[in-house]
Amino acid sequence: MKITIIEPIPGEEEEIIIKSASLNPRVMELISELKRGDEGKAIHKLQVWLDGKLHLIEPSDVFYFEYVEQKVFAYGRTKVYEIKNKLYEIEEMLSRRDFIRVSKSCILNLNQINSLAPALGGRFEAALKNGEKIIISRQYVNNLKEALGL
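If you're wondering where the values come from, they're calculated on a predicted model, not measured in any experiment.

Trainee: Just to check I follow, could you spell out the overall build of the protein for this structure?
Mentor: Scanning the protein from terminus to terminus reveals three helices and ten strands. Secondary structure elements of the protein occur, N-terminal to C-terminal, as α-β-β-β-β-β-α-β-β-β-β-β-α. Taking 15 Å as the expected radius of gyration for a compact globule of 150 residues, we find that the protein reaches 19 Å, considerably beyond that expectation. On the principal axes, the C-alpha backbone points of the protein span a range of 55 × 40 × 25 Å. Burial statistics for the protein: of 150 residues in total, 29% are counted as buried.

Set out below in structure tokens:
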């Protein structure tokens, strides 16, 4: 992909031109983000709870989110936080980041994957940088491959 930035002549309106063979979902997402401008900015910090205290953490510090016993947890390198949002809300909030649903109960940070290996029944196993392993359900394997460009 080629990106060209040209400074407009003073008084000339800023313009964005997109040349694309097709309007695939990613191109449409970029157009939507550009149209929204500052209104559509993604979240900067997550509000999570640990030991009854509210903490603000970077989404990139989360390895994965998991729904367990009617609660949602955010797993960091060494700590597990509770998050008050529903899993589908987290998926929507982080849709423009490198997070992807890998099962009905789990959203995974693609940047925290160390390696992938096939598992039984068409599933995959992701070994994370914190040493944990997550199973990717076979229904979500194609989404994972697409997100990773495989």
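From this point, things continue past the structure.
Trainee: Please explain the pairing of strand S6 (residues 99–103) as it appears in this structure.
Mentor: Each regular strand shows side chains that alternate between the opposite faces of the sheet. Most of S6 sits inside the fold, with five of its five residues counted as buried. Relative to strand S7 (residues 106–109), S6 runs antiparallel, the two being bridged by four bridges. Residue pairing for S7: Ser 103 is matched across the bridge by Cys 106. The antiparallel pairing of S6 with S7 creates a hairpin that spans two residues between the two strands.

Trainee: Which parts of the structure should I look at to understand the sheet that holds strand S8 (residues 113–118)?
Mentor: Within a sheet, adjacent strands bond to each other through the backbone by hydrogen bonds, running parallel or antiparallel. Read across the open sheet, the three strands follow the order S8-S9-S10; overall the sheet is antiparallel. Each edge of the sheet is formed by a strand with only one pairing partner; in this case those strands are S8 and strand S10 (133–136). The sheet shows a mean angle of 25° between the axes of neighbouring strands, taken without regard to direction. Note that S8 and strand S9 (residues 124–128) share five bridges and pair antiparallel.

Calculation notes
Residues numbered from 1 in each chain as written. Predicted model: local features only at pLDDT ≥ 70, side-chain atom pairs only at ≥ 80, totals over all residues. Heavy atoms only, no water. Helix = DSSP H or I, 4+ residues; strand = E, 2+ residues; numbered from the N terminus. Rg over C-alpha atoms; globule rule 2.2 N^0.38 Å. Buried < 20%, exposed > 50% of the residue type's maximum accessible area, 1.4 Å probe, protein only. Pairing = 2+ DSSP bridges. Axes fitted to C-alpha atoms, helices over the stretch in contact; angles between N-to-C directions.

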